Amino acid sequence: MNNLHVATIAVMAANIIVSFKGFNDSSFFERYKFGIGPIKAGQKERMLTSGFLHVDISHLFMNMFTLYFFADVVIDYFGPAKFLLVYVASLVAGSLLALFFHKDEPYYSAVGASGAVTGILYAAILLEPNMRLGIMFIPIPLPAYVVGIGYLLYSIYGMKSRLGNIGHTAHFGGAIGGYVVTLLFMPNLLITDTLIVLLLAVPIIILIALERMGKL
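Residues numbered from 1 in each chain as written. Predicted model: local features only at pLDDT ≥ 70, side-chain atom pairs only at ≥ 80, totals over all residues. Heavy atoms only, no water.

**A look at a nonpolar patch on the surface**
Stage number 1. Where nonpolar side chains cluster on the molecular surface, the patch consists of Leu48, Val88, Val92 and Leu96 and spans about 290 Å² of accessible area.
Stage number 2. Sort the elements by how many residues they give to the nonpolar patch and helix α6 (residues 80-101) lands first, with 3 residues.
Stage number 3. By the element assignment, Leu96 lies in helix α6. (Patch = residues over 30% accessible without salt bridge, like charges linked within 9 Å, V, L, I, M, F, W, Y side chains within 5 Å. Areas by Shrake-Rupley, 256 points an atom, 1.4 Å probe, with all protein chains shown as cover. Salt bridge = Lys/Arg side-chain N within 4 Å of Asp/Glu carboxyl O. Helix = DSSP H or I, 4+ residues; strand = E, 2+ residues; numbered from the N terminus.)

What follows is the structure, given as structure tokens:
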């Protein structure tokens, strides 16, 4: 793990190059960020390009730092081509969920690889649910599946309360993308790890239920 496969380097390089272009060119940033109004007007490419832009270096660093820790898990199981598919599918899934929940907010905008990275994280958790992850302020490492479920429940809370300047919707959509594509690539997990598959689906089911009830 953490050997920085060439596929991971390529994804990081793309994020760094596009982000720094955005840092130094506000018109470029504005043209390619996620924006409900422009997307509904026909600029669908923003749903992809926004995932390579970042607000600042710390935003970029945190996403690439997280990707660094979990990319190799997905690559080890699926290889680089499928890893890239999980990444892109998660990015698009995050944008689609954001578009769905914010469709009536024409001025809503967002940037960042968080949806794609969360998809890789959730895929890694589905593949290695018992790996231990350390969390700030919690003295002992927790099983990955516990962290994954907790993170998505927190994302639902963030979506509901509009907590902070964070794209909780894109994070959640990215996780759904990583979850679904991982099961498409490795359907035997439904048999070999049925309980984990079901547990990781719980936040998704809760989100759907809350949306149907008009609670989000």
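That shown, we press on.
**Let's talk about the nonpolar core**
When a protein is soluble and globular, its nonpolar side chains tend to lie buried together.
Stage number 1. Counting 52 residues, the largest nonpolar core has Leu67, Val74, Phe83, Tyr87 and Tyr179 as the members making the most contacts within it.
Stage number 2. At the level of secondary structure, the elements contributing two or more residues to this core comprise α1 (6-24), α5 (57-78), α6, α7 (114-127), α8 (144-161), α9 (168-185) and α11 (194-212).
Stage number 3. Residue contributions to this core peak at 10 residues, all from α7.
Stage number 4. Contacts of Phe83, omitting those with residues within four sequence positions, involve Ala7, Thr8, Val11, Leu67, Ala71, Val74, Ile75 and Ile120.
Stage number 5. Counting 7 residues, the second largest nonpolar core, distinct from the first, contains Phe34, Ile36, Ile39 and Tyr108. (Core = buried A, V, L, I, M, F, W, Y, C linked by side-chain atoms within 4.5 Å. Buried < 20%, exposed > 50% of the residue type's maximum accessible area, 1.4 Å probe, protein only. Contact = heavy atoms within 4.5 Å.)

**As for the packing of aromatic side chains**
Stage number 1. Going through the model one piece at a time under the given rule, you end up with 10 aromatic pairs.
Stage number 2. Measuring from centroid to centroid gives 4.9 Å for Phe65 and Phe69, while their planes differ by 85°, and the two rings are edge-to-face. You can see Phe65 and its partner Phe69 sitting in helix α5, 4 residues apart, about one turn around the helix.
Stage number 3. Judged by its relative accessible area of 38%, Phe65 falls in the partly exposed class.
Stage number 4. Where Phe78 meets Phe185, the ring centres are 5.4 Å apart and the plane angle is 75°; that geometry is what we call edge-to-face. Pair noted here: Phe78 is in helix α5 and Phe185 is in helix α9, with a separation of 107 residues, a long-range link.
Stage number 5. Through a chain of ring-to-ring contacts, the aromatic side chains of Phe61, Phe65, Tyr68 and Phe69 assemble into a single cluster.
Stage number 6. One Lys or Arg, Arg31, reaches over the ring of Tyr32 and ends 4.9 Å from the middle of that ring.
Stage number 7. Over the aromatic face of Phe185 sits the side chain of Lys82, whose NZ or CZ is 4.9 Å from the ring centroid. (Phe/Tyr/Trp six-rings, centres within 6.5 Å; stacked < 30°, edge-to-face > 60°. Lys NZ or Arg CZ within 6 Å of the ring centre and 35° of its normal.)

**Considerations on the pattern of salt bridges**
As a working rule, side chains carrying opposite charge can pair if their charged atoms are close by.
Stage number 1. Under the counting rule described, the total for this entry stands at 3 salt bridges.
Stage number 2. A salt bridge links Lys21 to Asp25, with the nearest nitrogen and oxygen atoms 3.2 Å apart.
Stage number 3. Where Glu30 meets Lys33, a salt bridge forms, and the shortest distance between an N and an O atom there is 2.8 Å.

**A closer look at α7**
Stage number 1. Here α7 spans 20 Å end to end across 14 residues, near enough to the 20 Å set by a 1.5 Å rise per residue.
Stage number 2. Taking burial as the measure, the 14 residues of α7 include 14 buried ones, the bulk of the element. (Expected span 1.5 Å × (residues − 1).)

**Observations regarding the environment of Val55**
Stage number 1. Structurally, Val55 is set in the loop between α4 (46-49) and α5.
Stage number 2. Residue Val55 is classed as exposed on the basis of its relative accessible area of 54%.
Stage number 3. Between the C-alpha atoms of Val55 and Phe23, which are 32 residues apart in sequence, the distance is 7.6 Å.
Stage number 4. Once residues within four sequence positions are removed from consideration, Val55 is found in contact with Phe23 and Val111.

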